[in-house]
Amino acid sequence: SACLVGSEMCIRDSSYNPVYNVEKYLGQCLDSVISQTWKNLEIICVNDGSPDNSAAILKQYAAKDSRFKIITRPNGGLSAARNTGLRHATGDYIFFLDSDDYINPECLEELASNIGNEKLIYSQIKNFNAKKSKIINRDFTSTRSFIRTCFVWGCLYKKETLDGLNFPEGMYYEDKVFSFSLFNKIGFKKYPVNEKACYFYRGDNPGSITNNPAHLKDTILVAEQMFQTCRNNQELLDASLFMLTRSIRGIIKAHGYSLALKKDIFHNSFIPLVKRLSPTKEMFADKKSWNEFQKYCRYNNVKIGFVHF
């Protein structure tokens, strides 16, 4: 059995799917779950206080399929919903599915058949929108490469692998913190990846977390959480600092964010973070990364960056 945990939903096999303001997409998501060729599922759907029609939709599905377990809670965000789903999951495996995405009918059966003795197995992901679609490949060549695709959705976990782990609440981009906490626990290596993309990620949902510039500050908070979690693991520590440097570079170069927002992030998030962490040259894997990080730490250079922008 397996658990699907998503924007807010869990399947036995436990599947968990968090649900918040997704009534437009929820039916397609749930249909993809109940049509799975792997039938022994616990489908845990966490309604995270959604004010739209999602609760009624969940009730309709639960009335027709006894595998559904609906949990309603006050709105607390994606991490809180996922943690709620994990606490209620009783399956042997966990699979996270966001409620605006969907999976193909063979997804869970293929992943379960190919996981073998490993602690987890990833699926390739198809990122789609109204105009085009593309495959997102999981890249295990290094922790720096993997950090770009360390989403928790599209992965089948053996349940005991996640024991003792929780999603950090009150921030966005929590997948990265969770994934690196997991690798800090079980070790980073090339884990198996299913050849066929069986997870379909909706890249054009305007309400998604990744499309909201108000969440930009949390890239800094996430990097700090990763740093604190992995500070005794050199490979993961370098990746967290690499992510922080990339985030700052992206903020400086982003044309879609106002100068006021950028200044706010630097003065109230980035500079205080650097003072707390006090990174040293020895924490970085190479001189180039260290030099780039130093550049963003110097107040005058930050100002120059703004002027150039």
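All figures in this text were calculated on a predicted structure; none of them were measured in a lab.

Undergrad: Before we go on, may I ask you to explain the overall build of the protein in this structure?
TA: Looking only at helices and strands, one finds 11 helices and 11 strands in the protein. Scored against the burial criterion, the 309 residues of the protein give a buried share of 55%. Only carbon and sulfur atoms are counted for the fraction: they give 49% of the accessible area of the protein, which is about 13700 Å².

Undergrad: What's the story with the nonpolar core in this structure? I'm lost.
TA: Soluble globular proteins tend to bury their nonpolar side chains together. Counting residues in hydrophobic clusters, the biggest one holds 64 residues, and the most contacted among them are F95, F96, Y157 and L162. Per-element tally for this core: the top contributor is helix α6 (residues 174-186), with 5 residues. Contact partners of Y157, with chain neighbours within four places excluded, come to D92, Y93, I94, F96, K119, L120, F151, V152, L162 and L182. In this structure, A223, L244, I265 and V274 belong to the second largest nonpolar core, which totals 21 residues.

Undergrad: Explain the environment of I121 here, please?
TA: Summarising the element assignment, I121 is placed in strand β8 (residues 120-128). C-alpha of I121 to C-alpha of V193: the two residues are 72 residues apart in sequence and 5.7 Å apart in space. The contacts of I121, once residues within four sequence positions are left out, are L111, N114, I115, G154, C155, L156, P192, V193 and N194.

Undergrad: Could you clarify how one ought to interpret the side chain of S123 in this entry?
TA: Structurally, the position occupied by S123 is in strand β8. With residues up to four places along the chain from it excluded, the contact list for S123 reads L111, R138, G154, V193, N194, K196, A197, C198 and Y199.

Undergrad: Whenever I open this one, the pairing of strand β6 (residues 93-96) confuses me. Can you help?
TA: Each regular strand shows side chains that alternate between the opposite faces of the sheet. Burial along β6 is two-sided: the face carrying Y93 and F95 and the face carrying I94 and F96 are both buried. By the bridge criterion, 3 bridges tie β6 to strand β10 (residues 155-158) in an arrangement that is antiparallel. Following the sheet pairing, Y93 is matched in β10 by K158.

Undergrad: For this particular structure, what's the right way to read the packing of aromatic side chains?
TA: By convention here, two paired aromatic rings are described through the distance between centres and the angle between planes. According to the stated counting rule, one finds 26 aromatic pairs in the structure shown. Aromatic side chains F96 and F178 sit 6.5 Å apart centroid to centroid with 75° between the ring planes, which places their arrangement in the edge-to-face category. In this pair, F96 sits in strand β6 while F178 sits in helix α6, placing the two residues 82 residues apart along the sequence. Grouping residues by exposure puts F96 and F178 together as buried.

Undergrad: Looking at this model, I keep getting lost on the packing of helix α1 (residues 23-34) against helix α2 (residues 54-64). Mind explaining?
TA: How two helices pack is summed up by the angle between their axes together with the distance between the axes. Where α1 contacts α2, the two axes come as close as 10 Å, and the packing angle between them is 20°. Classed by the angle they form, the pair α1 and α2 counts as roughly parallel. As for the relative orientation of α1 and α2, their crossing is right-handed in sense. In this structure, α1 contributes E23, L26, G27, L30, D31 and I34 to the contact, and α2 contributes S54, I57, L58 and Y61. Its residues assigned to classes, the contact of α1 with α2 shows 6 nonpolar, 2 polar and 2 charged.

Undergrad: Teacher, can you tell me more about the side chain of S240 here?
TA: Within the element layout of this structure, S240 appears in helix α8 (residues 234-253). On the basis of relative accessibility, which here comes to 1%, the residue S240 falls in the buried class.

Undergrad: For this particular structure, what's the right way to read α2?
TA: Residue pairs spaced three or four apart in an α-helix point in one direction, given the helix's 3.6 residues per turn. For α2, the complete set of buried residues consists of S54, I57, L58 and Y61. Buried residues in α2, looked at end-on, bunch into an arc of 100°, giving them a common side. For α2, the exposed residues set more than 90 degrees away from the buried face come down to K59 and A63.

How each quantity is defined
Residues numbered from 1 in each chain as written. Predicted model: local features only at pLDDT ≥ 70, side-chain atom pairs only at ≥ 80, totals over all residues. Heavy atoms only, no water. Helix = DSSP H or I, 4+ residues; strand = E, 2+ residues; numbered from the N terminus. Buried < 20%, exposed > 50% of the residue type's maximum accessible area, 1.4 Å probe, protein only. Areas by Shrake-Rupley, 256 points an atom, 1.4 Å probe, with all protein chains shown as cover. Core = buried A, V, L, I, M, F, W, Y, C linked by side-chain atoms within 4.5 Å. Contact = heavy atoms within 4.5 Å. Pairing = 2+ DSSP bridges. Phe/Tyr/Trp six-rings, centres within 6.5 Å; stacked < 30°, edge-to-face > 60°. Axes fitted to C-alpha atoms, helices over the stretch in contact; angles between N-to-C directions. Parallel < 35°, antiparallel > 145°, perpendicular 65-115°, else oblique. Left-handed = near helix turned anticlockwise from the far one by under 90°. Nonpolar A, V, L, I, M, F, W, Y, C, P; charged D, E, K, R; others polar. Arc of directions from axis to C-beta.

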